[in-house]
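Tertiary structure, described
Spelled out, the chains give:
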Amino acid sequence: MTGRRTAARLDGIPPTIFSTMSVLAVRTGAVNLGQGFPDVDGPPEVIAAAVRALESGANQYTPGIGLPVLRQAIARHQQRHYGLELDPDTQVVVTTGCTEAIAGALLGLVNPGDEVVVLEPYYDSYVAMIQMAGGVRRPVTLRAPDFRLDVDELRAAVTHRTKYVLLNSPHNPTGAVLTRAELTAVAEMAIERDLVVITDEVYEHLTFAGHDHLPIATLPGMAERTLTLSSAGKSYSFTGWKVGWATGPAELVGAVLAAKQWLTFTSGAPLQPAVAAALDEHPAFPSSLAAELEEKRDLLCAGLDKVGLPGRPPSGTYFATSDISHLGWPDAMAFCLALPERAGVVAIPTQPFYDDPDAGRQLVRWAFCKERAVIEEALSRLGTADLAYR
Ligand SMILES: Cc1ncc(COP(=O)(O)O)c(C=O)c1O
């Protein structure tokens, strides 16, 4: 075999930092506060529903758009929590996690040269999929320490080639939850410039006291121009199940389905009825999970403060962020690569999630979706380690 084999569409897209850091955690035996997965599973009754489905023959292809029972449960979920009315047959598609909903949306909607305004720091699959679709990303930076959306910067990012705004709220990695005023500004701009909003709401239920998630699709004039993406992974602590969905106008959902059919065609047959049971029969589980997470956030943030890694407590998600500028490291990547040896802890540098190299250079993300003992162990290790650059 001669010459390079990786397609040009993958140029400059490195392996995801989450795999790199999780491999490092396993190799060094470090406490992993890197990748965002909980170490306690979701409701046992939902697992039992999946087992029943496996044993009762739900083991063959489902319809590409997803099982009716799950599409109906997703439509009811959007109605129950947000008052959004959806036709489960044309306005809901089931995907392999939100990851495939993102891929389906970008491959199904973006033409080469179309500009996509995206919040940075971004979830890394956005960059990969915008690039694979031939689109051009136009980042708008949420700046530390409070990570608010600068509406003027947002407006300045839109050009005559802009077709989409890709939102994420509650936001990974900053833990920011966009306010009604910020979302209203996005909505007004989208209507004025005739843009479609694609909104990743996987952390929709994981918000903390004083912060409510507001789906942009509920704002006036937005239901008809918003494609909403989510999944059961975060809301029900089943991140490995990879059952997600896209909802919105039939035309936008149809574009996701048109791409999705050539990606996986169908997703997790026995898990679909189980996720339907989760949505219908355990609607309060996500808010009790959020309450537990809030306590863990407080434990982690107070502990990080104490060990000299202060950060602002996030309003939602699994993640808190610390600024490490005072420790003297060239960047957060160098710090995070050294941290397993120095302290026996893994965290994620946020700089790969920025186009602006300075904005995220000194920011480190810590996951608190872990058992209290795990967070306490990480904090005790950080407390006794020498964290300064040398
Ligand atoms: C912002 C965001 N979007 C999407 C995903 C992927 O969701 P799923 O696991 O359902 O594919 C994640 C997972 O970490 C995420 O943080």
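Everything below is about the structure printed above this text.
Everything numeric here is computed off the predicted structure, so don't read it as measured data. (Residues numbered from 1 in each chain as written. Predicted model: local features only at pLDDT ≥ 70, side-chain atom pairs only at ≥ 80, totals over all residues. Heavy atoms only, no water.)

Further remarks concern the pairing of strand β12 (residues 363-367). Among the five residues in β12, five count as buried, and that is most of the element. Burial of β12 is two-sided: the residues Leu-363, Arg-365 and Ala-367 facing one way and the residues Val-364 and Trp-366 facing the other way are all buried. Where strand β9 (residues 319-323) and β12 come together, five bridges link them in antiparallel fashion. By the bridge assignment for β12, Thr-321 is matched with Arg-365. Summarising the sheet, strand β11 (residues 348-349) and β12 pair through two bridges and their orientation is antiparallel. Residue Ile-348 lies in a different strand from β12, and its bridge partner there is Arg-365. (Buried < 20%, exposed > 50% of the residue type's maximum accessible area, 1.4 Å probe, protein only. Helix = DSSP H or I, 4+ residues; strand = E, 2+ residues; numbered from the N terminus. Pairing = 2+ DSSP bridges.)

Once that is clear, we can look at the nonpolar core. Ranked by size, the top nonpolar core spans 77 residues in total, and within it Phe-335 and Trp-366 carry the most contacts. Counting residues in hydrophobic clusters, the runner-up holds 26 residues, among them Val-158, Ala-187, Met-222 and Leu-363. (Core = buried A, V, L, I, M, F, W, Y, C linked by side-chain atoms within 4.5 Å.)

Let us now look at the sheet that holds strand β8 (residues 243-247). Here seven strands make up an open sheet; going across it, the order is β2-β8-β7-β6-β5-β3-β4 and the pairing mixed. The strands lining the two open edges of the sheet, one partner per strand, are β2 (92-96) and β4 (136-141). Averaged over all pairs of adjacent strands, the angle between strand axes in this sheet comes to 20°, irrespective of strand direction. Looking at chain direction, strand β3 (residues 115-120) and strand β5 (residues 162-168) are connected through four bridges and run parallel. Bridge pairing in β5 links Glu-115 to Thr-162. Sheet contacts for helix α3 (residues 68-82): β2, β7 (226-231) and β8; angle to β2, the most-contacted strand, approximately 110°. (Axes fitted to C-alpha atoms, helices over the stretch in contact; angles between N-to-C directions. Contact = heavy atoms within 4.5 Å.)

This paragraph deals with helix α13 (residues 372-384). Under the 1.5 Å per step criterion, the end-to-end length of α13 is 19 Å for 13 residues, consistent within 8% with the ideal 18 Å. Residues Ile-375, Ala-378, Leu-379 and Leu-382 constitute the buried set of α13. For α13, the arc enclosing every buried residue in end-on projection is 100°, short of the 170-degree limit, so these residues lie on one face. Relative to its buried face, α13 has exposed residues pointing more than 90 degrees away, namely Ala-373 and Thr-384. (Expected span 1.5 Å × (residues − 1). Arc of directions from axis to C-beta.)

Turning to the pattern of salt bridges, a few remarks are in order. Throughout the structure, instances matching the rule amount to 18 salt bridges. Glu-182 serves as the salt-bridge partner of Arg-148, at 2.7 Å between the closest nitrogen and oxygen. Remark: Glu-182 occurs in helix α7 (residues 180-192) and Arg-148 occurs in the loop between β4 and α6 (151-157); sequence separation between them is 34 residues. Residue class for Arg-148 comes out partly exposed when judged on its relative accessible area of 28%. The exposure class assigned to Glu-182 is buried, which follows from its relative accessible area of 7%. For Asp-386, the salt bridge is made with Arg-390, and the minimal N-O distance between the two is 2.9 Å. Classification of Asp-386 as partly exposed rests on a relative accessible area of 39%. One salt-bridge network, held together by shared partners, links Arg-76, Arg-80 and Asp-280. (Salt bridge = Lys/Arg side-chain N within 4 Å of Asp/Glu carboxyl O.)

Purely spatial values, then, with no claim about function.
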